[in-house]
Amino acid sequence: SCSNNNGGCGKNAFCSENRKTSAIKCTCKTGYTNTGSAVHTVCKDSCTIKNGGCGPKAACAHDATTNAVECSRKPGYTNRGAASEIKRRDTGSASGDIRTANLPAACSSYTNISDPTRSVRYSGSSGCDSSSFSSSGMWVRFTGSGGTTIPTYAPGPSVCGTDATGWYITEMPSSGATVSGALCYQSTINKCHFYSAMQVTNCNTYYVYFLYPPPTCNLRVCTV
């Protein structure tokens, strides 16, 4: 079980259990990448793997609060892209090398959700996302005062208008990219008591998420 040596997942991964089968699932924490397999998870520092996706002309580091990968320009280069992906041009060159991203279809075809009660600062009634998303999954963009992104840290239970709070635990995608990850639901027992598969697409200035209904209630996705 997850209570015994973190389920064998290692210190850089979250352990969660399927409440029906008791199967263990290991998911790398933010800032770490699985270099093993779906069966044998090995979580390594993302910055040590292809420079964290930052490119050859940027430095890879980790956010002090969330541990998410951060790309910063090296001397002599200028950031020409979004903060999530350093796109650089050599400042000593007239033409330079600017990388551009072709945004996927999900960036223009999604359901907009503006709900202030999803904020990690909100502590209202015990809501549930059982009817918020299609059973086959759907692309969603969060907007408004409640927040525009799903937190990449465990916000604590009993906030966001629910009991078990949904947060994203996998690496965020670079600009124009889509990654498959996991949504954890934090309860009073475990930071990842329940989990669900999901996808995230980086649309340069915002993110869209492919979400499914939670495995049970009361579980709800949070926003920041």
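Since the structure is predicted, the reported quantities are computational estimates derived from the model, not experimental observations.

Participant: Please provide a residue-by-residue account of the state of the cysteines, values included.
Facilitator: Summed over the entire model, instances satisfying the criterion amount to 9 disulfides. Two residues, C9 and C26, share a disulfide whose sulfurs are 2.0 Å apart. Given an S-S torsion of about -75 degrees, the disulfide between C9 and C26 has left-handed geometry. With C9 in the segment before β1 (13-17) and C26 in strand β2 (residues 24-28), the pair connects residues that are 17 residues apart, well separated along the chain. Disulfide pairing is shown between C184 and C192; the S-S distance is 1.6 Å. Here C184 and C192 share a disulfide; its torsion about the S-S bond, -75 degrees, makes the bridge left-handed. Take C184 and C192: they sit in the same class, and that class is buried.

Participant: An account of the side chain of T162 is requested, with residue identities and associated values reported.
Facilitator: Tracing the sequence through the fold places T162 in the loop between β10 (138-143) and β11 (164-168). For T162, the side chain forms a polar contact with the main-chain oxygen of G127, separated by 2.7 Å. If we skip the residues at most four places from it in the chain, T162 touches S125, S126, G127, N218, L219 and R220.

Participant: Can you break down the pairing of strand β12 (residues 178-186) residue by residue, with the values?
Facilitator: Note that β11 and β12 share 4 bridges and pair antiparallel. The partner of Y168 across the bridge, within β12, is L183. Pairing of β12 with strand β13 (residues 194-202) involves 8 bridges; the strand directions are antiparallel. Looking across to β13, one finds that V179 is bridged to V200.

Participant: I'd like a rundown of unusual backbone geometry, residues and numbers included.
Facilitator: Residue N218 follows C217 across a cis peptide bond; omega there is 5 degrees. Mapped onto the secondary structure, N218 falls in the loop between β14 (207-211) and β15 (219-221).

Conventions we followed
- Residues numbered from 1 in each chain as written.
- Predicted model: local features only at pLDDT ≥ 70, side-chain atom pairs only at ≥ 80, totals over all residues.
- Heavy atoms only, no water.
- Disulfide = S-S within 2.5 Å.
- Helix = DSSP H or I, 4+ residues; strand = E, 2+ residues; numbered from the N terminus.
- Buried < 20%, exposed > 50% of the residue type's maximum accessible area, 1.4 Å probe, protein only.
- Polar contact = N/O pair within 3.5 Å; in protein donor to acceptor, adjacent residues only side chain to side chain.
- Contact = heavy atoms within 4.5 Å.
- Pairing = 2+ DSSP bridges.

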